[in-house]
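Breakdown of the fold
If you want the building blocks of each chain, they are given just below.
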Amino acid sequence: MYVIFAGLCLLCMTAVTAGAADGDVRKLKGKWTVTVPDAPYGYQDYTVDIKEKDREYLIDVKGGDVDVKDKKLTEKDGKLSVELYAGEYVTVTIWEEDGATKGTADTTQGKLTCNFKKVTQTKKK
């Protein structure tokens with residue numbers, strides 16, 4: 001009886017964790033301004049739009065020499081990632097943690113922190 005109860009508890013905890021991770025990814029959708037303070041000059045400021053279409057997450061990125069539209073994001077463990085060309089191929093990973101959107105850019109010089117700020121829509125009068 002205890003083994004069955006323990007198994008049921010484990011199954012419930014796994015379902016809750018999977019649901020939480022899935023919910024975190026949904027929070028990443030929207031328009032963002034992104035700053036990569038340690039990137040080389042000209043590769044520090046970007047606008048990013050993360051959207052969902054046909055159960056896939058897509059990203060638009062504009063800034064520096066980067067102008068990408070509808071690039072498919074890969075979802076794994078509550079994080080989204082994509083490979084972009086920004087002077088070199090860079091793997092960008094984005095996730096939600098403690099109510100904040102965080103990211104890293106994995107480059108040949110190491111991992112660079114990406115600072116995300118949600119773009120707020122102003123209402124027209």
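Notes on the structure follow. Counting starts from 1 at the beginning of each chain's written sequence and moves along it residue by residue. With the structure being a predicted model, the display of local features is reserved for residues of pLDDT at least 70 and the display and counting of side-chain atom pairs for 80 or more, all residues being used for whole-chain, interface and lining totals. Side-chain metrics rest on all non-hydrogen atoms present in the structure, leaving aside hydrogens and water.

**Observations regarding the environment of Asp-65**
Going along the chain from the N terminus, every DSSP run of H or I of four or more residues is numbered as a helix, and every run of E of two or more is numbered as a strand. You can see Asp-65 is positioned in the loop between β3 (56–63) and β4 (66–72). Along the sequence, Asp-65 and Gly-87 sit 22 residues apart, while their C-alpha atoms lie 7.6 Å from each other. We define a polar contact as two N or O atoms separated by no more than 3.5 Å, with the added condition that, inside protein, one atom must be a possible hydrogen donor and the other a possible acceptor, whereas residues neighbouring each other in sequence contribute only through side-chain atom pairs. Of the polar contacts made by the side chain of Asp-65, one reaches the side chain of Tyr-43; its length is 2.9 Å.

**Thoughts on the packing of aromatic side chains**
Whether two aromatic rings pair depends on their centres lying within 6.5 Å, for rings of Phe, Tyr and Trp, where Trp uses its six-membered ring; planes under 30 degrees apart make the pair stacked, over 60 edge-to-face, and the rest tilted. Taken as a whole and judged by the stated rule, the model has two aromatic pairs. With centroids separated by 5.0 Å and ring planes inclined at 65 degrees, the aromatic side chains of Tyr-85 and Tyr-89 adopt a geometry described as edge-to-face. The residue whose ring lies beneath Lys-79 is Trp-95, and the NZ or CZ to ring-centre distance is 4.6 Å. A ring has a charge above it when a Lys NZ or an Arg CZ is no more than 6 Å from the ring centre and no more than 35 degrees off the ring normal.

**Some points on the sheet that holds strand β6 (residues 79–85)**
One bridge is not enough; two strands pair if DSSP finds at least two bridges between them. Here we have nine strands laid out as an open sheet, ordered β4-β3-β2-β1-β9-β8-β7-β6-β5, and antiparallel in their pairing. Strand pairing shows two members of the sheet lacking a second neighbour, β4 and β5 (74–76), which therefore form its edges. Between one strand and the next, the sheet's axes are offset by a mean angle of 25 degrees, whatever the strand orientation. As defined by bridge partners, strand β7 (residues 89–97) adjoins strand β8 (residues 100–107) across seven bridges and the pair is classed as antiparallel. Paired with Thr-93 across the two strands is Thr-104, which belongs to β8. Interaxial angle, 0 to 180 degrees, is taken between N-to-C directions of lines fitted to C-alpha atoms, where a helix line uses only the stretch in contact.

**Focus: the side chain of Asp-49**
Examined against the element boundaries, Asp-49 turns out to sit in strand β2 (residues 45–53). Among the polar contacts made by the side chain of Asp-49, one reaches the side chain of Lys-31 at a distance of 3.4 Å. Any two residues having at least one pair of non-hydrogen atoms within 4.5 Å are treated as being in contact. With residues up to four places along the chain from it excluded, the contact list for Asp-49 reads Gly-30, Lys-31, Leu-58, Ile-59 and Asp-60.

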